[in-house]
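Chain residues, written in single-letter form:
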Amino acid sequence: MKRLRSLSFWRIIVIAALCLSLIPLLWISFYNHTSGADDCLLSMETHQVWLDSHDVLQIIGAAARTAYDYYLTWQGSYAANFLFALQPAVFDENLYFLATFVLIGVFLLCNGYFFRKILREIFHLSDNRLADIISGVVALMSIQLMPSPVQGFFWWNGAAYYMIFYALMLIYMANLFVAAYQGRYTAKRMTVLLLTAFFVAGGNLVTGLVTAEITALILLYTLCRKRAIALQTGLVFLTFVVCFALNAFAPGTEVRLSTRWNNLSPLQTVVQSYASAIRYGSEWTEPILIVGLLFLLPFLWRLPVEKLLPKKAPLALMLFFLFSLFASAFAPTLYVRYNDPGRIQNIRYFFWVFLCVVAALTIIGIGKRMLHTSDQTGYDWQGLAHKINVRYLPSYFVSILLVLALLGGYHMLIDNTNRFTSAAALRSLYKGEAQRYDQDVEERIQILRAGGDGAEYSMIVDPPYVLFLDDIWKNQDVIAFYQQTPRK
């Protein structure tokens, strides 16, 4: 039982659980294929250049031209447009599995970087065990309960547009928070901030808006409290705002917006954003997420967050501020009356998990401050906390794991295995759905390469949940992509 109080033990357990959960996702990715017509449309030129030259530099040039063309004609997300043109099937259809490896890898690296950076530079914890436990649990809850796995890790165009830029936002925020806390910008930190500002601002508008809001708040903080670095923070803010404006007000963005009518007013957008945040926040705060947060509480308690919180800020106001950040993530799509596809909901859900951890940490910090204030009465609160840790913490963890097992078992009994991303992938592998899907798609690709138009396609039966987005194979862009040949 003593081991259950060890950070080293829990670090191993969390990392092992995370790694094991990724095996089905990486495994099933080898049966994946181009998942959307957008993949083919936006990589048509790069694919042709690859067939003609097999020259990486020419491929990069073609990707830049594609990004510029779409910047002028459809959407201003210059950084995302560039990534779209480099989807793995450009080089070989059998390399499309790399999309999943890249998307999962980027998210895990950036998520881990954020917590390590914050705990090391702000909480002064040189030991990475606590950061790895927290980041590992956040990653597990995010990946396993995400609203749409296929649009999160198995479709390059849709997933890269949101997942990669959400991950880069974490690197940006970590460096911005550390700079504001320490009151200084090193040359390396400023370089990282300016580069990530350029890329995040050139991605989707949801992460762009949230990042702009956070940057503005940090600038306000430095103006009020850390005036020596206000000018440098202003430079970061200006860089981000200019790049974000280039995205939001691009010629292509104007073209895309012209296809939509009856936009909401700013006030209606704000009201609807809070309504959507309440709806989805309630829906996503399900028992497994709550239990996961409860598991984190003893680890979050170890962080001296009470020293960082504003002395007079009410708890309700701080929680409302966090919720408002979450609500703002709904504003860009609500304003133009755009629906909420899974790829957008994924990063909103990830952001919700992240903010729930921050909210729990805030509540703990205020609670610890209240206990420290009560120390003046002579009661040994610190001693009580130590006794609870020694006597009850192992039982607490055992209870949490038992509840998690019961909840997982319940979903298995009602045949709701698709609720967990890894379970859904494993089920498709076990039932042969992924293997059949791979064979059916390969047959379709061969038909197209032989000059067919899709009339001979056989129907895809029981497609795997985490791989199948839509039956896009009669789309003219898909047909054109697979019928490309080297030019003489």
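Reading the values: the criteria
- Residue numbers run consecutively from 1 along every chain, following the written order of its sequence.
- Totals for whole chains, interfaces and linings use all residues, but because this is a predicted model, local features are given only for residues with pLDDT of at least 70 and pairs of side-chain atoms are given and counted only at 80 or more.
- Side-chain numbers come from the whole structure's heavy atoms, not from hydrogens or water.
- A fitted line through C-alpha atoms serves as each axis, taken over the contacting stretch for helices, and the angle formed by two N-to-C directions is quoted from 0 to 180°.
- Think of it this way: any DSSP run of H or I at least four residues long counts as a helix, any run of E at least two long counts as a strand, and we number them from the N terminus.
- Every angle not falling under 35 degrees, over 145, or within 65 to 115 is termed oblique; those three ranges are roughly parallel, roughly antiparallel and roughly perpendicular.
- Any pair of residues with heavy atoms lying within 4.5 Å of one another is described as a contacting pair.
- It is the rotation of the near helix from the far one that decides the hand of a crossing: anticlockwise by less than a right angle makes it left-handed, clockwise makes it right-handed.
- Pairing of aromatic side chains here covers Phe, Tyr and the six-membered ring of Trp, requires ring centres within 6.5 Å, and sorts the geometry by plane angle: under 30 degrees stacked, over 60 edge-to-face, intermediate tilted.
- For every residue, the accessible area obtained with a 1.4 Å probe (protein chains only) is divided by the maximum for its type, and the residue is called buried under 20%, exposed over 50%, and partly exposed between those limits.
- Only lysine NZ and arginine CZ atoms are considered, and such an atom sits over a ring when it is within 6 Å of the ring centre and within 35 degrees of the ring normal.
- A side-chain nitrogen of Lys or Arg and a carboxyl oxygen of Asp or Glu constitute a salt bridge if their distance falls within 4 Å.
- A helix is expected to span 1.5 Å multiplied by its residue count minus one.

Enquirer: How should I be thinking about the packing of helix 14 (residues 266-284) against helix 16 (residues 315-328) in this particular structure?
Expert: For any two helices packed against each other, one specifies the crossing angle of their axes together with the interaxial distance. It is the contact of helix 14 with helix 16, at a shortest axis distance of 9 Å, that shows an interaxial angle of 100°. Put simply, helix 14 runs roughly perpendicular to helix 16. Two secondary-structure elements touch here, helix 14 through S273, Y274, A277, I278, G281 and W284 and helix 16 through F320, F323, S324, F326 and A327.

Enquirer: Can you help me understand the packing of helix 10 (residues 187-201) against helix 12 (residues 230-248) in this one?
Expert: At a minimum axis distance of 8 Å, the contact between helix 10 and helix 12 shows a crossing angle of 20°. Taken as axis vectors, helix 10 and helix 12 run roughly parallel relative to one another. As helix 10 runs across helix 12, the sense of the crossing is right-handed. Here M190, L193, L194, A197, F198, V200 and A201 of helix 10 come into contact with helix 12, specifically with Q232, V236, T239, F240, C243, F244 and N247.

Enquirer: Could you clarify how one ought to interpret the packing of aromatic side chains in this entry?
Expert: The relative placement of two aromatic rings is captured by the distance of their centres and the angle of their planes. Counted under the stated rule, the structure contains 37 aromatic pairs. Seen in terms of ring centroids, F240 and F244 are 6.1 Å apart; in terms of plane orientation they differ by 20°. Their pairing is stacked. Here F240 and its partner F244 are both found in helix 12, four residues apart, which amounts to about one turn of the helix. Considered together, F240 and F244 belong to a single accessibility category, that of buried residues. Three or more aromatic residues joined by ring pairs form one cluster here, namely F107, Y166, Y274, Y280, W284, F320, F323, F326, F330, Y349, F350 and W352. Directly above the aromatic system of W301 lies the positively charged group of K368, at a separation of 5.4 Å from the ring centroid.

Enquirer: Can you walk me through unusual backbone geometry in this structure?
Expert: Although it is not a glycine, H54 adopts a positive phi angle of roughly 55°. Along the chain, H54 turns up in the loop between helix 3 (44-53) and helix 4 (56-73). One non-glycine residue with positive phi stands out, namely D462, at about 50°. As for its placement among the helices and strands, D462 is situated in the loop between helix 21 (433-449) and helix 22 (476-482). By relative accessible area, D462 is classed as partly exposed at 48%.

Enquirer: What am I meant to see in the pattern of salt bridges here?
Expert: Pairs can form between side chains of opposite charge once their charged atoms are near each other. Enumeration over the complete set of coordinates arrives at 10 salt bridges. A salt bridge links D132 to R116; the shortest N-O distance between them is 2.9 Å. Linking D132 in helix 7 (residues 129-144) with R116 in helix 6 (residues 98-121), this pair joins segments that are 16 residues apart in sequence. According to the relative accessible area criterion, D132 is buried, its value standing at 10%.

Enquirer: Help me understand helix 9 (residues 156-182) in this model?
Expert: Since one α-helical turn is 3.6 residues long, residues separated by three or four positions face the same way. Under the 1.5 Å per step criterion, the end-to-end length of helix 9 is 38 Å for 27 residues, consistent within 8% with the ideal 39 Å. The buried fraction of helix 9 is high, at 24 of 27 residues. Once helix 9 ends, the next one or two residues include G183, with phi positive near 75°.

Enquirer: Honestly, the side chain of T100 in this entry has me stumped. Any pointers?
Expert: The residue T100 is located in helix 6 in this model. Since its relative accessible area comes to 0%, T100 is described here as buried. Those residues in contact with T100 that lie beyond four places of it in its chain are L25, L26, S29, F153 and F154.

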